[in-house]
Amino acid sequence: MSTPHVVVVMGVAGTGKTTIGPLLAAELGVPYAEGDDFHPPANIAKMSAGIPLDDDDRRPWLDAIGEWAHGRAGLGGVVSSSALKRIYRDRLRDGAPHVVFLHLTGDRALIEERMADRKGHFMPTALLDSQFATLQPLRADEAGVSVDVSGTPEEITQRAVAALRRLED
């Protein structure tokens, strides 16, 4: 891509944000930041206990991601964040107006299967229903693209790169 974007890889748990994010960053030649690393300990404790986060829990997390993205303006970067609601994406854009979103989408059964195969992650599959219930897909007025998560991580990444390049056309 000609201008380095800061890409927020978004989607429900289990769509592969942590897998695709680093691959995308490597393909684009920019750094990757793991969105989960921006959660305060209280959020991780809540999710580990199977308790969904509320909007108050998410504000400091979104602000920290937005601050990182703002610092990468003009330099490019990739960061993961579920960014399930429009208000969350708006908050990220408040901190970093230049971000673009890569929404990883897919069949619920496939996503649940992938979540069940994960080892050592704090997000239990029991929270997947709440994630889908909360999800508000990207709207036409939001800078971003949606990419299906079927296939290998490499195939998904190539589809993502191609879709992001079309944003520049």
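Criteria and thresholds
- Residues numbered from 1 in each chain as written.
- Predicted model: local features only at pLDDT ≥ 70, side-chain atom pairs only at ≥ 80, totals over all residues.
- Heavy atoms only, no water.
- Buried < 20%, exposed > 50% of the residue type's maximum accessible area, 1.4 Å probe, protein only.
- Helix = DSSP H or I, 4+ residues; strand = E, 2+ residues; numbered from the N terminus.
- Pairing = 2+ DSSP bridges.
- Core = buried A, V, L, I, M, F, W, Y, C linked by side-chain atoms within 4.5 Å.
- Contact = heavy atoms within 4.5 Å.
- Axes fitted to C-alpha atoms, helices over the stretch in contact; angles between N-to-C directions.
- Parallel < 35°, antiparallel > 145°, perpendicular 65-115°, else oblique.
- Left-handed = near helix turned anticlockwise from the far one by under 90°.

1. Section: the pairing of strand S1 (residues 6-10)
Within S1, five of the five residues are buried, which leaves the element mostly enclosed by the surrounding structure. By the alternation rule, side chains of S1 split into Val6, Val8 and Met10 and Val7 and Val9, which are all buried. With four bridges joining them, S1 and strand S3 (residues 77-80) adopt parallel strand pairing. Residue pairing across strands places Val9 opposite Ser80, the latter belonging to S3. Inspection of the sheet shows S1 paired to strand S4 (residues 100-105) by four bridges, in the parallel sense. Bridged to Val9 within S4 is Leu102.

2. Focus: the environment of Thr19
Considering the arrangement of structural elements, one finds Thr19 in helix H1 (residues 17-28). Taking the C-alpha atoms as reference, Thr19 lies 19 Å from His5; in sequence the two are 14 residues apart.

3. Describing the nonpolar core
Of all hydrophobic cores here, the largest spans 18 residues; its most connected members are Val7, Val9, Leu24, Val78, Leu102 and Leu104. Ranked by residue count, the leading element in this core is helix H7 (residues 153-168), at five residues. Judged by nonpolar contacts, the second largest core, of 16 residues, contains Trp61, Leu62, Phe101 and Leu138.

4. Re unusual backbone geometry
Notably, Ala83 is not glycine yet its phi reads approximately 45°, a positive angle. When you line up the elements, Ala83 lands in the loop between S3 and helix H4 (86-95). Residue classification places Ala83 among the buried residues on the basis of a relative accessible area of 1%.

5. Topic: the environment of Ala25
Tracing the backbone shows Ala25 in helix H1. The buried category is assigned to Ala25, whose relative accessible area is 2%. In this structure the C-alpha to C-alpha distance between Ala25 and Val79, which are 54 residues apart in sequence, comes to 8.7 Å. Setting aside residues no more than four positions away along its own chain, Ala25 makes contact with Val30, Pro31, Tyr32 and Val78.

6. Details of the environment of Gly50
Structurally, Gly50 is set in the loop between helix H2 (41-48) and helix H3 (55-71). Judged by its relative accessible area of 31%, Gly50 falls in the partly exposed class. Separated by 33 residues in the primary sequence, Gly50 and Ala83 place their C-alpha atoms 19 Å from one another.

7. Structural notes on the packing of H1 against H7
Where H1 meets H7, the closest approach of the two axes is 9 Å, and the angle between their N-to-C directions is 55°. Taken together, the axis directions place H1 and H7 in an arrangement best described as oblique. Both H1 and H7 take part in a crossing whose hand is right-handed. For the pair H1 and H7, the contacting residues are Thr19, Ile20, Leu23, Leu24 and Glu27 in the first and Pro153, Ile156, Thr157, Gln158, Ala160, Val161 and Leu164 in the second.

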